[in-house]
2 protein chains.
Amino acid sequence: MSDDVLTTVSSTGGPRRRRVSVKALPQHNRVHNRAVVLQALFHQGAMSRADLARESGLTRPTVSVLVAELEADGIVAEIGQREDVRVGKPATLVEINPDAFHMIVLDLSSADRFVGAVVNLRGEVVDRADLAIDGAVREDAIARVIRLAERLSALTTQRILGIGVGSPGIVDDQGVVREALHLEWFDLPLRQRLADYFHLPVLVANDANVAALGVHTFREVPGLSLMVVTIEHGVGVGLIIGGSLVEGEQFSAGEIGHVTVGADGEGALCTCGRRGCLETVIGARYLSDRIAGLDEGARGEVLRDAGRALGVVAAPVISALNLNEVVLSGPSDLLDGPFRDAAVDTIKARTLSVVGEGLSLRTTQGDGDLVLLGGASLVLQAELGVS
Amino acid sequence: MSDDVLTTVSSTGGPRRRRVSVKALPQHNRVHNRAVVLQALFHQGAMSRADLARESGLTRPTVSVLVAELEADGIVAEIGQREDVRVGKPATLVEINPDAFHMIVLDLSSADRFVGAVVNLRGEVVDRADLAIDGAVREDAIARVIRLAERLSALTTQRILGIGVGSPGIVDDQGVVREALHLEWFDLPLRQRLADYFHLPVLVANDANVAALGVHTFREVPGLSLMVVTIEHGVGVGLIIGGSLVEGEQFSAGEIGHVTVGADGEGALCTCGRRGCLETVIGARYLSDRIAGLDEGARGEVLRDAGRALGVVAAPVISALNLNEVVLSGPSDLLDGPFRDAAVDTIKARTLSVVGEGLSLRTTQGDGDLVLLGGASLVLQAELGVS
């Protein structure tokens, strides 16, 4: 079959033709330079204008103009002079004003409740709200998302920078939910619907991907690559490689919940119609059902078996990418303990020692805000160029 | 254990601090602009200066100056006028002169022979040479690498742009071979050794990674992500995600040859000391030994079982990354047929339908030059900014 053969462009093997993706550098790119200044302030905290020039590679006058603009917008404020200076004029420090804007962030990943928050520019939660889903699907479910966002917007009097949403299912780069089974959303332009309603910038992405962004931007994880495994209603993975989110060719990266564990055709029937999917072994609903009423020992063994199953599926991914940082996000009572320990042991037993030695596999220990923080990260990146 | 807990920077959850990686855009960056022009010519072929200005976003005068410089260097040449122009002055076309420079490329991945070639700027093989390894290890093996490179450099009278090497084992970003077991290379600064000897730019990377670059740069594969599985002496994977090679935190990305297949502690003993590694099931040596003397039917079943094992290990990786393009590189008699078919069937059976539907898994059908072409890609990228 010619489809299965790696074809060469020409018999002499010339380079394949493709569009040039690199463009010449635009000169004096103000938007870019503004983002460079904000990025430095966001990650380094308070700095003098001289510090900013050094960090950014911009000239002192350019930095001064940009800082003046940001001050006029209220995003940056002077916070006094540096105390530790010994000679010369003490430098005036500037800092991002965390409450210059608030953001509305929504986590739609839970089976029971839509969860939301108002967060400031530092990713600090200012206020919270949530709304029961009550089995709502299609337009009813959308109406509840809108109602929750309305409630949240009533909780702040600050300017709103945008709305960031982590949605279950497959979400494309236009914020269209291609498929979210339990909400019966198919090709739903959620980003556009919310933007039309609220007249604000709206960003929508897959919940596991958004959780990975939340960890990457707001939590202390070394390196530029990490994997967040979300174990909730569904099971998914968010992957950041070299600082960038992996979306996948059909926007389906991270869909490991329906990878088969064990032999083909065996295991429990899954909502996807096949048998033995990872989700049926480690999904929070399945696990909770299975340990209900068991004594401590039997409970531990069920959780250990589930952790092993995750380890078997994760080992090839961790090996292929040589990932060091893996974070398990989900119910603390299920994941902290035998589940996590068995996952670590299994991954180490089934990979090259260099891979296992570098591995840090942690749970969030009940930190349930990763999708919310990731929603903030989406908005910060889109609106201020900060990542 | 605090090590296993995802820590927050501060109790209020501020953004984590890290070095600013984005710098301000340098103005009038000549090196960058030169690379933009070469990149356009490399991928689009012959163009007029006006075409180049349009493609690159550079001004006409800038393009003219850069083209004049590249002509003076002999890298670019005028090849006549466009024939299809109907009105106005016919445009003069310029093109990369493929023989302006040659490159020396080495593929050290085989267990028996070091293989090399002289290639031109289009990645066309100008001449070839190889050298038996004869079980040489350590300095003896290095001496053979140098001898092969010397032979190749004697085969061309063109200027040599650089030396590109695909090495087995774990290779870091300084071209140090951290570990290549069968050659007994440990922390060998191969790049530096060759650079000191030849006084040329030298690039060294892992063979599977280099093969992936070779496919990405010189073969017709759609999209910006792909996985090359090399099934030779060892088993490895080269991954390109969003146009960039994945190196991994310990430069060990792609080391799936030592991921366990089947139950822990079962299967054949591997060179790494553990049992049941993928390499012992699908490695070319093991497979050849196992099918020797078998009749057609028994042979097919062994190859199908091996293909299934690859499918089980590859399914989580392909799902996590939502990869469409997978290329199997290795002996045609082993991989073309039942092995490939079983791998495809297994991956499709064990992943979500959206993942399986997008999948194209091809063999190279005997195209043994991927590592050599990838070596050329390393040099082109480093020396001319072309990728």
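All of these numbers come straight from a predicted model, not from anything done at the bench.

**Student:** I'd like a description of the overall build of chain A, backed by residues and values.
**Tutor:** Along its length, chain A carries 13 helices and 16 strands. Here the C-alpha radius of gyration of chain A, 24 Å, is about what a compact globule of 387 residues would show, namely 21 Å. Along the first, second and third principal axes, the C-alpha atoms of chain A reach 70 × 65 × 45 Å. Counting over 387 residues, chain A shows a buried share of 55%.

**Student:** Which residues make up the domain arrangement of chain A, and what are the values?
**Tutor:** Residue and element names in this part refer to chain A. In terms of domain boundaries, chain A breaks down into domain 1 (30–96), domain 2 (101–212 + 370–384) and domain 3 (222–363). One C-alpha centre belongs to domain 2, the other to domain 3, and the line joining them spans 25 Å. Across the boundary between the two partners, domain 2 contributes 15 residues, which contact 18 residues of domain 3. Between domain 2 and domain 3, the buried area comes to about 1,300 Å², and carbon and sulfur atoms account for 65% of it.

**Student:** Lay out the environment of Pro 338 of chain A in plain terms, naming residues and giving numbers.
**Tutor:** Residues and elements named next belong to chain A. Tracing the backbone shows Pro 338 in helix α11 (residues 338–349). Distance from Pro 338 to Glu 301, taken between C-alpha atoms, is 7.8 Å for residues 37 residues apart in sequence. In this structure, Pro 338 is in contact with Gly 300, Leu 303 and Arg 304, ignoring residues within four places of it in sequence.

**Student:** I'd like a rundown of the pattern of salt bridges, residues and numbers included.
**Tutor:** Residue and element names in this part refer to chain B. Following the criterion strictly, the structure yields 37 salt bridges over all chains and no others. Of the charged contacts in the structure, one is a salt bridge between Asp 130 and Arg 113, with a shortest N-O distance of 2.8 Å. One end of the pair, Asp 130, is in strand β6 (residues 125–132); the other, Arg 113, is in strand β5 (residues 113–120), with 17 residues separating them in the sequence. Across the salt bridge formed by Asp 134 and Arg 144, the nearest N and O atoms sit 3.6 Å from each other. Of the two residues, Asp 134 sits in the loop between β6 and α4 (138–153) while Arg 144 sits in helix α4, which places them ten residues apart along the sequence.

**Student:** Mind laying out the side chain of Ser 167 of chain A, listing which residues take part and the relevant values?
**Tutor:** By the secondary structure assignment, Ser 167 of chain A is in strand β7 (residues 159–167). If we skip the residues at most four places from it in the chain, Ser 167 of chain A touches Leu 108, Val 177, Trp 185, Val 204, Ala 205, Asn 206 and Asp 207 of chain A.

**Student:** I'd like to hear about the confidence of the model for chain A, residue by residue, with values.
**Tutor:** A residue-level look at chain A finds 91% of positions with pLDDT of 70 or above and a mean pLDDT of 89. Note that residues 1–28 of chain A has pLDDT below 50 and, in this model, 83 contacts with residues that lie over four places away or in other chains.

**Student:** Please provide a residue-by-residue account of the side chain of Asn 322 of chain B, values included.
**Tutor:** Mapped onto the elements of the fold, Asn 322 of chain B is located in the loop between α9 (296–321) and β15 (325–329). Separated by 2.6 Å, the side chain of Asn 322 of chain B and the backbone nitrogen of Gln 250 of chain A make a polar contact. Those residues in contact with Asn 322 of chain B that sit more than four places away from it in its chain are Glu 247, Gly 248, Glu 249, Gln 250, Phe 251, Ser 252 and Ala 253 of chain A together with Val 355 of chain B.

**Student:** Quick rundown of the sheet that holds strand β13 (residues 235–241) of chain B? Include the residues and the values.
**Tutor:** Residue and element names in this part refer to chain B. The mixed open sheet is built from five strands, whose spatial order is β14-β13-β12-β15-β16. Every other strand in the sheet has two partners, leaving β14 (244–245) and β16 (360–363) as the edge strands with one partner each. Of the strand pairs in this sheet, strand β12 (residues 226–231) and β13 are connected by six bridges, and their pairing is antiparallel. For Met 227, the partnering residue across the bridge sits in β13 and is Leu 239.

**Student:** If you had to explain the nonpolar core to someone new, which residues and values would you point to?
**Tutor:** With 82 residues, the main nonpolar core has Met 227, Leu 239 and Phe 339 of chain A together with Met 227, Leu 239 and Phe 339 of chain B as its most contacted residues. Phe 339 of chain A has contacts with Ile 231, Ile 282, Leu 287, Leu 303, Ala 306, Gly 307, Leu 310, Leu 328 and Leu 334 of chain A, leaving out every residue within four places of it along the chain.

**Student:** Can you lay out helix α1 (residues 30–44) of chain B for me, pointing to particular residues and giving the numbers?
**Tutor:** Residue and element names in this part refer to chain B. The terminal C-alpha atoms of α1, which comprises 15 residues, lie 21 Å apart, in line with the 21 Å expected from a rise of 1.5 Å per residue. The buried fraction of α1 amounts to eleven of the 15 residues, a majority that puts the element mostly inside the structure. Those residues of α1 not exposed but buried are Asn 33, Arg 34, Ala 35, Val 36, Val 37, Leu 38, Gln 39, Ala 40, Leu 41, Phe 42 and His 43. Following α1 by one or two positions, Gly 45 adopts a phi angle in the positive range, close to 80 degrees.

**Student:** Before we move on, could you go through the pairing of strand β12 (residues 226–231) of chain A and cite the residues and values that matter?
**Tutor:** All names here are of chain A. Of all six residues making up β12, six are buried, and the element is well covered by its neighbours. Alternating positions in β12 separate into two faces, Leu 226, Val 228 and Thr 230 on one and Met 227, Val 229 and Ile 231 on the other, with burial throughout. Here β12 hands over to strand β13 (residues 235–241) after three residues, the two strands then running antiparallel side by side.

**Student:** Tell me about unusual backbone geometry, and please be specific about residues and values.
**Tutor:** With phi around 50 degrees, Asp 134 of chain A is a residue other than glycine that occupies positive phi space. Its identity as a non-glycine residue notwithstanding, Glu 184 of chain B has a phi of 55 degrees, on the positive side. For Glu 184 of chain B, the location among the structural elements is in the loop between β9 (177–180) and β10 (185–188). The class for Glu 184 of chain B is partly exposed, based on a relative accessible area of 31%.

**Student:** An account of the state of the cysteines is needed here, citing residue identities and associated values.
**Tutor:** Per the stated rule, a full pass over the model turns up zero disulfides over all chains. Free of any disulfide, Cys 277 of chain A has its nearest cysteine sulfur in Cys 272 of chain A, 3.6 Å distant. Its sulfur unpaired, Cys 270 of chain B is 3.8 Å from the next cysteine sulfur, which belongs to Cys 277 of chain B.

**Student:** An account of the sheet that holds strand β1 (residues 47–48) of chain B is needed here, citing residue identities and associated values.
**Tutor:** Residue and element names in this part refer to chain B. Spatially, β1-β3-β2 is the arrangement adopted by the three strands of the open sheet, whose pairing is antiparallel. The open sheet is flanked by β1 and β2 (76–81), the only strands paired with a single partner. By the bridge criterion, five bridges tie β2 to strand β3 (residues 92–96) in an arrangement that is antiparallel. Counterpart to Gln 81 in the pairing with β3 is Thr 92.

**Student:** Before we move on, can you summarise helix α13 (residues 370–384) of chain A with the specific residues and values?
**Tutor:** Residues and elements named next belong to chain A. In this model, α13 (15 residues) spans 20 Å end to end at C-alpha, consistent with the 21 Å of a helix rising 1.5 Å per residue. All of the buried residues in α13 are Leu 370, Val 371, Leu 372, Leu 373, Gly 374, Gly 375, Ala 376, Ser 377, Leu 378, Val 379, Leu 380 and Leu 384. Note on α13: the residue one or two positions beyond its end, Gly 385, has a positive phi of about 75 degrees.

**Student:** Account for the packing of aromatic side chains, with residues named and values stated.
**Tutor:** All names here are of chain A. Under the criterion given, the structure shown has four aromatic pairs over all chains. Judged by centre distance (6.2 Å) and plane angle (75 degrees), the ring pair of Phe 42 and Phe 218 falls under edge-to-face. Note that Phe 42 is positioned in helix α1 (residues 30–44) and Phe 218 in helix α6 (residues 207–218), a separation of 176 residues in sequence. Assigned by exposure class, Phe 42 and Phe 218 land together as buried. Over the aromatic face of Phe 101 sits the side chain of Arg 159, whose NZ or CZ is 4.2 Å from the ring centroid.

**Student:** Lay out the packing of α4 of chain B against helix α5 (residues 190–198) of chain B in plain terms, naming residues and giving numbers.
**Tutor:** Residues and elements named next belong to chain B. Axis separation between α4 and α5 bottoms out at 11 Å; the angle between their running directions is 45 degrees. Classified by the angle between their axes, α4 and α5 sit oblique to one another. Read as a crossing pair, α4 and α5 show a hand that is right-handed. Counted together, Glu 139, Ile 142, Val 145, Ile 146, Ala 149 and Glu 150 of α4 and Arg 193, Leu 194, Tyr 197 and Phe 198 of α5 form the full contact between these two elements. When its residues are assigned to classes, the contact of α4 with α5 shows seven nonpolar, no polar and three charged.

Conventions used here
Residues numbered from 1 in each chain as written. Chains lettered and ligands numbered in written order. Predicted model: local features only at pLDDT ≥ 70, side-chain atom pairs only at ≥ 80, totals over all residues. Heavy atoms only, no water. Helix = DSSP H or I, 4+ residues; strand = E, 2+ residues; numbered from the N terminus. Rg over C-alpha atoms; globule rule 2.2 N^0.38 Å. Buried < 20%, exposed > 50% of the residue type's maximum accessible area, 1.4 Å probe, protein only. Domains from an automatic or database assignment. Contact = heavy atoms within 4.5 Å. Buried area = accessible area lost by both parts, 1.4 Å probe. Salt bridge = Lys/Arg side-chain N within 4 Å of Asp/Glu carboxyl O. pLDDT = per-residue confidence, 0-100. Polar contact = N/O pair within 3.5 Å; in protein donor to acceptor, adjacent residues only side chain to side chain. Pairing = 2+ DSSP bridges. Core = buried A, V, L, I, M, F, W, Y, C linked by side-chain atoms within 4.5 Å. Expected span 1.5 Å × (residues − 1). Disulfide = S-S within 2.5 Å. Phe/Tyr/Trp six-rings, centres within 6.5 Å; stacked < 30°, edge-to-face > 60°. Lys NZ or Arg CZ within 6 Å of the ring centre and 35° of its normal. Axes fitted to C-alpha atoms, helices over the stretch in contact; angles between N-to-C directions. Parallel < 35°, antiparallel > 145°, perpendicular 65-115°, else oblique. Left-handed = near helix turned anticlockwise from the far one by under 90°. Nonpolar A, V, L, I, M, F, W, Y, C, P; charged D, E, K, R; others polar.

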